[in-house]
Every structure is written in C-alpha cells, then in structure tokens.
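# Residue-level structural notes
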Amino acid sequence: MFLKRHLYFIIALLVLSACKDQKKDIKQTEVSFSKEGELTIFSTENTPKTTLDIEIADTDFDIQTGLMYRNSMQKNQGMLFVFDDEQERFFYMKNTKISLDLVYIDANKKIVSFQENAKPFDESSLPSNVPAQFVLEINAGLVNTWNLKIGDSIQFTTK
C-alpha cells in the first residue's frame, strides 16, 4: 500500500510538471473600430477644421474600457466619451497600446484643455484640470496637426 501511494504521488508530480512546462498561448481578440457617429471640430471663428468618424463611450463598461487593447486607429477616427455631468475628468492609459491626444470639452461643447502624446500603458493620471462633460481621444499629434485651440468647438451626430 505504501509503495502504491508513493507511485501515485510520483505520477502526480510528473503530470503537474508536464502541465507546467506547456505554454498556453492566449491571444487577445482584436477590437475593431465601430462607427457610431460623426464629429466635426470648428475653430473659434466657426470654420470646420476636421471631421471624424467616432465611437461613443457612454456606458460604464465603454467608459472604463475606452481604446484599451486596440492596435491602431485611423487618423479620421476617434472615441468620444459622453458623461452625464460636467466635472474634472481623470484618464489614464492602462492597457492602451496606442499613443493618444485627449481633448477635454465642456457642456457647451467648447474645448477646455488637452493632454497631448499620452504614452501607451502609462497609468499616470491625465486630468482635464477644468470641468469637462466630453472627452475626445484621437491619435497622438493630431491636436498639433489640426491646430486645435482652447475655445474651438465640436458638433456630433450619432446613428
């Protein structure tokens, strides 16, 4: 009986060791862009600067997930976060693979602040520093490319 238990123990160790050595490849599913609306950014003189296809983040899950796990985003795409109220916002780049510019927008749909060139996977806080009701995430560098300014405005439509 002792030998039999001893043999089972050795077999169990061998099986566990073999399982431990096997690598498990877990593949992240690519999250693709889903156009849910269009957004136009206007200068302070009310001249259109650019128009984007947007995804809308307005549920708790969408707001928490944002652009996490995306490998890329086109120049003419963005994600618009829509909140119920206007207050100081704090974002971070946890599990976000692409560099982004964050555009903070008040309840009147006026741009109030920016966080430019947010680094992938950085969990540092990216505050709006002023109250905002909307946050637009776009590829890093586009704030400069489009010459966005505090006081510029947005309009958006959803499907």
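Here, the structure is the one placed above.
Criteria and cut-off values
- Residue indices follow the written sequence of each chain, beginning from 1 at its first position.
- With the structure being a predicted model, the display of local features is reserved for residues of pLDDT at least 70 and the display and counting of side-chain atom pairs for 80 or more, all residues being used for whole-chain, interface and lining totals.
- No hydrogens and no water enter the side-chain calculation; it runs on all heavy atoms of the structure.
- Each Phe, Tyr or Trp ring (for Trp, its six-membered ring) is paired with any other whose centre lies within 6.5 Å, and the angle between the two planes then decides the class: stacked below 30 degrees, edge-to-face above 60, tilted in between.
- Categorising residues by exposure relies on relative accessible area from a 1.4 Å probe, with only protein chains included: less than 20% of the type maximum marks a residue as buried, more than 50% marks it as exposed, and the intermediate range marks it as partly exposed.
- Per the convention used, a helix needs a DSSP run of H or I reaching at least four residues, while a strand needs a run of E reaching at least two, with both numbered from the N terminus.
- Strand pairing requires that DSSP identify at least two bridges connecting the strands.

## Structural notes on the packing of aromatic side chains
- Evaluated as defined, the whole model comprises 4 aromatic pairs.
- Between F83 and F91, the aromatic rings sit 6.4 Å apart at their centres with planes inclined by 85°, giving edge-to-face as the arrangement. In terms of burial, F83 and F91 fall into one category: buried.
- Ring plane angle 70° and centroid distance 5.7 Å describe the contact between F134 and F156, whose orientation is recorded as edge-to-face. Taken together, the residues F134 in strand β6 (residues 126–139) and F156 in strand β7 (residues 153–158) connect sequence positions 22 residues apart.
- F134 sits in the buried class, given a relative accessible area of 6%.
- For F156, a relative accessible area of 24% corresponds to the partly exposed category.
- Taken together, the ring pairs connect F81, F83, F91 and Y104 into an aromatic cluster.

## Considering the environment of S72
- Within the secondary structure, S72 sits in the loop between α2 (60–65) and β3 (77–91).
- Classification of S72 by relative accessible area gives partly exposed; the value is 49%.
- Sequence separation of S72 and S99 is 27 residues, and the distance between their C-alpha atoms is 9.3 Å.

## Considering the pairing of strand β4 (residues 100–105)
- Most of β4 sits out of view: 6 of its 6 residues are buried.
- Alternating residues of β4 divide into L100, L102 and Y104 and D101, V103 and I105, and every residue in both groups is buried.
- The pairing of β4 with strand β5 (residues 111–118) spans 5 bridges and is classified as antiparallel. Bridge pairing links I105 to I111 in β5.
- In this structure, β4 lies alongside β6, joined through 6 bridges in antiparallel fashion. From the neighbouring strand, I105 faces β6, where its bridge partner is F134.

Take it as geometry only, folks, not as evidence of what the structure does.
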